[in-house]
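These are the residues of each chain, in order.
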Amino acid sequence: MAIERFSKDHEWIRVEGGVGTIGITSHAQSQLGDVVFVEVPDVGRKVTQGEAVAVVESVKAASDVFVPVSGEVVESNGDIVGQPALVNEDAEGKAWFFKVKLANPGELDALMDRAAYDTFVKETS
Amino acid sequence: MRYLPLTDADRRAMLAKIGVADIDALFADIPRDKRLAGLVDLPKAKGEMEVERVLGRLAAKNTAAGSVPFFVGAGAYKHHVPATVDHLIQRSEFLTSYTPYQPEIAQGTLQYLFEFQTQVAMLTGMEVANASMYDGSTAAAEAVLMAHRVTRRHKAVLAGNLHPHYRETIATVARLAGHEIVTVAPSPSGTEDLAARIDQTVSCVVVQTPDFYGHLHDLAALAEAAHAAGALLVAVVTEAVSLGLVEPPGAMGADIVVGEGQGIGNALAFGGPYVGLFATRQKYVRQMPGRLCGETVDKEGRRGFVLTLSTREQHIRREKATSNICTNSGLCVLAFTIHMSLLGEAGLRRLARINHANAVALAKALGKVKGVEVLNETFFNEFTIRLPGNAADVIEALAKKGVLGGVPVSRLEPGRPELANLIVVASTEVNSDEDRAAYVKALKRVL
Amino acid sequence: MLNRQGRPTAPGRAVESTTDTFSGNRALQVEEGLIFEIGRTDTAGVDLPEPAKFKPRLGALERKGPIGLPGLSEPEAMRHYVRLSQKNYGIDTGLFPLGSCTMKHNPRLNERMARVPGLGDIHPLQPLSTVPGAIELIAELSRWLSLLTGMPAIAMTPKAGAHGELCGMMAIKAALEARGERRSVVLVAESAHGTNPATAALLGYRIEAVPARADGTVDPEEVRKRLTPDVAAIMLTNPNTCGLFEREVVAIAEAVHAAGAYFYADGANFNAIVGKVRPGDLGVDAMHINLHKTFSTPHGGGGPGAGPVALSAALAPFMPVPYAVADGEGMRYVEHAGEAGGTLPLGRMCAFHGQMGMFVRAFAYMLSHGSDGMRQASEDAVLNANYIRASLADLMSLPFGNRPCMHEALFDDAWLGDTGVTTLDFAKAMIDEGYHPMTVYFPLVVHGAMLVEPTESESKASLDQFIASLRGLAAAAKAGDAARFKDAPRFAPRRRLDETKAAREPRLRWTPAVERKEAAE
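Just so it is clear, the model here is predicted, and its values are computed rather than measured.

Student: Report on the confidence of the model for chain C, specifying residues and quantitative values.
Tutor: Interpreting fine coordinate detail is not advised for predicted regions of low pLDDT. Across chain C, the average pLDDT comes to 93, with 95% of residues at or above 70. Note on the complex model: pTM 0.95, ipTM 0.97.

In structure tokens form, the structure reads like this:
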């Protein structure tokens, strides 16, 4: 069963079999506006929780995407690089950014579940 | 005062509307003990006539380039600017407009930027160019920073024959930004082995052609050497007109081409404002500093232009920006674009041929003067001569005889006594046979 | 982070084209193609004689292959660029209320003076003995700036404001290094212009933001608690980007100096205080001056600018070269680091001497205004901004309350509430009213910011017309007339443009049809 968690920086992660798929939330994409460009990390890169490893740009804003867990990048999504509009269309599905093999599954405890994230979004908007 | 429309009656009425007794109430946040009690100790307002008199007196002390036989270059070149150019750039809607952040009412500016970007890409033989930098020297410094970003390395190799001011500008930024530069001794004869200095720690090699001493360089081999080591080739062109006759760096494998566009459309103006050219390959476009104008459509489907890819810039990315740059060279870009539109390919090629022809004729004439040696095999409109004695003294003496004969290399390389007998001499389309004859005559008398 | 200032980015729905002329033109608004579409590579608008045959000395490097540059005859070129100009709004068109840009009148005397041959047709490297008037002008302008800022040294060479910021921050870094110190943090006001953190980051500093308090100004306590021995400098704008004078600036400066750090002031808003107070008296160590803002040199569609930097006694030794220095009865011009004698210059910011063309214009402005005129200009600038504020305060919301501002008035979008009209929509509707919009979505610390700076160049009648238009628009927005705003601008040469498309499919140059066809295949 996949574990789904959210970070305070509006990233989501779905973990299955020790590998987490990571993207930005629907709330994030609506705040950013039309996404025009994304940068994803190279496969093989070692990452630390909280590190800025990807970039998502709209016309008027640019944001770092922070990896919510430590580990190694095992896959990056070329589809969103070629078609940034996907991030607006399906941020929490097809428009995942990259996948990480988790070094420390305990880090997930510090993240929010969906209910907590939805509350967080309501409170900070 | 002619520039201030408010009358005292207006001011009183406005203060009443605001609800304060006097203007000082609006300055109340300034600490009382720091407020200036009286006027700053400077002259009071002057009418136009008086201002003209003051500035006219200062101007009269200077020798204008157009008033004497003139052969000064070294990074800024006297070319004839057609009357149309100066007239058009003074149109209110160009002169007094702002950065095109509201594109619906700035299509004039945006369209000429798009035309300029295309002209620069064509001239340099590259795929894409930006909407200009401040000047050639800062463009070169930005190119080095871009090469560092692209290669993730922090060491630049600078050719010895790069314009000394460009080298110093790059060095200042490098020193304070914590990057490394490798400098090479100048080679007035035009031979340098830069390939030997490129290794896996180098982000770019910066080379100028025509170089500071006038020599033309085939960059193909150097480009290969740089690419083999994973480094970029940055080519510098300080005389834009040369691109009308000389093979452009883009055709020789350059990754970034920067240059000075002053020679097209812009006055000498004692060194500024000028216009920096910056061009690169499509794959590096997001790492390019400066403004970019792009094509799009409006709500009615009509073609229009907007500033684009702005998320690289300081106002969005802030500390992660590609650069801290805010302005481009606006009106100087327009002057360049208009002049280039009047020239077109045919006109530019002919202008370049005239420049080269004049320089060839001058080199021949000077080479015949006893004691003078022309160092260049190849050149465009500028070459270096070696004299028997101190070149700076000769230039002063020539000036006293009413000839501005060039730039003594020691002016820019004072720490190199071995270069003290060299002069860099430029000759553009403004020089006539009489000018050349005057130079030769004066030089003979002075040597 | 995310687009928290609320700026919409979607392109909006397309609409039917409404032109029903055969030409696509609308009276004086003429559709104009690109030079690449109307010009030809074999046409020129200049007459140049073909040189007599000669033996070239280009080696094997003569340019092969076509360049592709189109040429136009003089009448065609004139018409092309005149038509383009007619699509632009300028200061000469109407009120240009761009906050932080100081869009004041550009005197034409300045243009005449810049073109006098003895000032415009001189080469930066002709012998100094042939241009003593140029050196004197630079020195005299620098003396005026020194007296206006109350700071002893002016670095004249930076080519624009951001370049001046770089120069000032480099001088600070060099001064610290000369003391044998390596500090790694720069404090930047949260409301600062993006160039501030970008400049500091370029020099390798880590940025720490200092928030403003509820009244929009910086609390010295917030500064003090961040002042560690690792802080190199603070960067503040004063008046700040919210249009307010930092009334505790002296206490902030003292705290910064006590910690061994330096005070960088962004001089973009100098127009509010020229002749009223001197930054040097407030403890500033370095301040760049935008000649194209405060001193009327033309904005020219985006440039050129000029950014001389005023330096305190502590930083004066770290001036970049070249500079003029009084020497006995004359002026000495120092062009090289070695020549400087006892001082430790920074090196060069750029080639040659700086933006002389802008020096001439700015100096003509200063001579014209004089000390009395410049002070009057600052007072009128502040008066005009407050008049606008007082005249709109009942309709539009002021994030820091209805209190005196300096030369610019900052509104936010709270007053638009749930009208469905955004700051962007409001700005576009101003275009239809015949005004360039104010600065929008800056500073970022306020939601949907609208920063209005009229400058001293506006008459009361002009201000009254502007106020009436804005009152009309504000009332219309509140009354639910959303279509007026969503469809705006309707009357400009172009409707709203698709910036998303421009960024997703960048087309940054014209390409010949053949290439375009091949690319499509």
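Student: Please set out the packing of aromatic side chains residue by residue, giving values where relevant.
Tutor: On inspection of all chains with the given rule, the structure shows 19 aromatic pairs over all chains. Note on B:Phe116 and B:Phe336: the rings are 5.2 Å apart at their centroids and 80° apart in plane angle, and the pair reads as edge-to-face. On the criterion of sequence distance, the pair formed by B:Phe116 in helix α5 (residues 107-124) and B:Phe336 in helix α10 (residues 330-367) is long-range, its members being 220 residues apart. Each member of the pair, B:Phe116 as well as B:Phe336, carries the same accessibility label: buried. Plain terms: the ring middles of C:Phe36 and C:Trp510 are 5.1 Å apart, the flat faces sit at 10° to each other, and that makes the pair stacked. Residue C:Phe36 is found in helix α1 (residues 35-38), and its partner C:Trp510 is found in the loop between α14 (499-504) and α15 (513-520); the two are separated by 474 residues along the sequence. Accessibility classification places C:Phe36 together with C:Trp510 in one group, the buried group. Connected via pairs of aromatic rings, a cluster forms that spans B:Tyr98, B:Tyr101, C:Tyr89 and C:Phe96. Sitting over the face of the ring of A:Trp12, A:Arg14 holds its NZ or CZ atom 4.2 Å from the ring centroid.

Student: Can you tell me about the sheet that holds strand β10 (residues 409-411) of chain C, naming the residues and giving the values?
Tutor: All names here are of chain C. Within the open sheet, the 3 strands sit side by side as β10-β12-β11. Their pairing is antiparallel. In this open sheet, the two edge strands, each paired with only one partner strand, are β10 and β11 (439-440). The pairing of β11 with strand β12 (residues 450-452) spans 2 bridges and is antiparallel. By the bridge assignment for β12, Thr 439 is matched with Leu 451.

Student: Which residues make up the interface of chain C and chain B, and what values go with them?
Tutor: Listed by partner, the interface residues are 214 residues for chain C and 192 residues for chain B. Summing both sides of the interface, chain C and chain B together bury roughly 17700 Å²; the carbon and sulfur share of this comes to 63%. Taken as a group, C:Arg57, C:Arg63 and C:Leu508 account for 5% of the area that chain C buries against chain B, more than any other trio of residues on that side. Where chain C packs against chain B, one counts 18 salt bridges. Taking the shortest distance from any N to any O, the salt bridge between B:Glu300 and C:Arg26 comes out at 3.5 Å. Looking at which element gives the most residues to the side of chain C that touches chain B, the answer is helix α10 (residues 356-392) of chain C, with 27 residues. In terms of residue class, the side of chain C that touches chain B is built from 104 nonpolar, 57 polar and 53 charged.

Student: For the interface of chain B and chain A, give the residues involved together with the corresponding values.
Tutor: Taken residue by residue, the interface counts 6 residues in chain B and 10 residues in chain A. Summed over both sides, the interface between chain B and chain A buries roughly 700 Å², with carbon and sulfur atoms accounting for 43% of that surface. The tally of links between chain B and chain A comes to 0 salt bridges. Counting across the chain B and chain A interface gives 0 residue pairs in polar contact (both at pLDDT 80 or more). Within the side of chain B that touches chain A, the residues separate by chemical class into 1 nonpolar, 2 polar and 3 charged.

Student: I'd like a description of the nonpolar core, backed by residues and values.
Tutor: What tends to happen in soluble globular proteins is that the nonpolar side chains get buried as a cluster. Membership of the largest hydrophobic core comes to 130 residues, with the highest contact counts inside it found for B:Leu55, C:Leu137, C:Val223, C:Phe295, C:Met366, C:Met396 and C:Phe426. With 19 residues, the single largest contributor to this core is α10(C). What C:Phe426 contacts, discounting residues up to four positions off in sequence, is C:Met396, C:Trp415, C:Val421, C:Met438, C:Met450, C:Leu470, C:Leu473, C:Ala474 and C:Phe485. Counting residues in hydrophobic clusters, the runner-up holds 92 residues, among them B:Val68, B:Met133, C:Ala192 and C:Leu203.

Student: Go over the pattern of salt bridges, please, and point to the residues and values.
Tutor: Taken as a whole and judged by the stated rule, the model has 63 salt bridges over all chains. For B:Glu104, the salt bridge goes to C:Lys428, with nearest N and O atoms at 3.0 Å. Placement of the pair is B:Glu104 in the loop between α4 (92-95) and α5 and C:Lys428 in helix α11 (residues 423-432), with the two residues belonging to separate chains. One exposure class covers both B:Glu104 and C:Lys428, and it is buried. The closest approach of N and O atoms between B:Arg167 and B:Glu413, which form a salt bridge, is 3.0 Å. Taken together, the residues B:Arg167 in helix α7 (residues 164-177) and B:Glu413 in the loop between β12 (407-408) and β13 (422-426) connect sequence positions 246 residues apart. Put simply, B:Asp298, B:Glu300, B:Arg302, C:Arg26, C:Glu31, C:Arg494 and C:Arg495 are held in one network by salt bridges that share partners.

Student: Would you mind going over the environment of B:Val20 in detail, with residue names and values included?
Tutor: All names here are of chain B. Within the fold, Val 20 resides in the loop between α1 (8-18) and α2 (48-60). Accessibility expressed as a relative area gives 21% for Val 20, which makes it partly exposed. For the pair Val 20 and Arg 152, spaced 132 residues apart in sequence, the C-alpha to C-alpha distance is 58 Å. When sequence neighbours within four positions are dropped, the list of residues in contact with Val 20 reads Leu 15, Ala 25 and Leu 26.

Student: Can you tell me about the sheet that holds strand β5 (residues 262-266) of chain C, naming the residues and giving the values?
Tutor: Hydrogen bonds between backbone groups are what pair the strands of a sheet, and the pairing can be parallel or antiparallel. Residue and element names in this part refer to chain C. Read from one edge to the other, the open sheet built from 7 strands follows the order β1-β7-β6-β5-β4-β2-β3, with strand pairing classed as mixed. With one partner strand each, in any of the chains shown, β1 (153-155) and β3 (206-210) form the two edges of the open sheet. If you compare each strand with its neighbour and ignore which way they point, the axes differ by 25° on average. Where β1 and strand β7 (residues 309-311) come together, 3 bridges link them in antiparallel fashion. Paired with Ile 154 across the two strands is Ala 310, which belongs to β7.

Student: Run through helix α4 (residues 114-124) of chain A, naming residues and quoting values.
Tutor: Residue and element names in this part refer to chain A. Among the residues making up α4, those that are buried are Tyr 117, Phe 120 and Val 121. With its buried residues spanning 100° around the axis, α4 presents them on a single face. What points out from α4, more than 90 degrees from its buried face, is the exposed set Ala 115, Lys 122 and Glu 123. In the core, the buried residues of α4 are packed alongside β1 (3-6) and α1 (26-32).

Student: Describe the packing of helix α5 (residues 132-149) of chain C against α10(C), with residues and values.
Tutor: Residues and elements named next belong to chain C. Put simply, α5 and α10 touch, their axes get as near as 10 Å, and they point 45° apart. Here α5 is positioned oblique relative to α10, judged by the angle of their axes. In this structure, α5 crosses over α10, and the sense of that crossing is left-handed. Contacts from Ala 134, Leu 137, Ile 138, Glu 140, Leu 141, Trp 144, Leu 145 and Leu 148 of α5 reach α10 at Met 356, Phe 359, Val 360, Phe 363, Met 366, Leu 367 and Met 374. Tallied by class, residues from the contact of α5 with α10 come to 14 nonpolar, no polar and 1 charged.

Conventions used here
- Residues numbered from 1 in each chain as written.
- Chains lettered and ligands numbered in written order.
- Predicted model: local features only at pLDDT ≥ 70, side-chain atom pairs only at ≥ 80, totals over all residues.
- Heavy atoms only, no water.
- pLDDT = per-residue confidence, 0-100.
- Phe/Tyr/Trp six-rings, centres within 6.5 Å; stacked < 30°, edge-to-face > 60°.
- Helix = DSSP H or I, 4+ residues; strand = E, 2+ residues; numbered from the N terminus.
- Buried < 20%, exposed > 50% of the residue type's maximum accessible area, 1.4 Å probe, protein only.
- Lys NZ or Arg CZ within 6 Å of the ring centre and 35° of its normal.
- Pairing = 2+ DSSP bridges.
- Contact = heavy atoms within 4.5 Å.
- Buried area = accessible area lost by both parts, 1.4 Å probe.
- Salt bridge = Lys/Arg side-chain N within 4 Å of Asp/Glu carboxyl O.
- Nonpolar A, V, L, I, M, F, W, Y, C, P; charged D, E, K, R; others polar.
- Polar contact = N/O pair within 3.5 Å; in protein donor to acceptor, adjacent residues only side chain to side chain.
- Core = buried A, V, L, I, M, F, W, Y, C linked by side-chain atoms within 4.5 Å.
- Axes fitted to C-alpha atoms, helices over the stretch in contact; angles between N-to-C directions.
- Arc of directions from axis to C-beta.
- Parallel < 35°, antiparallel > 145°, perpendicular 65-115°, else oblique.
- Left-handed = near helix turned anticlockwise from the far one by under 90°.

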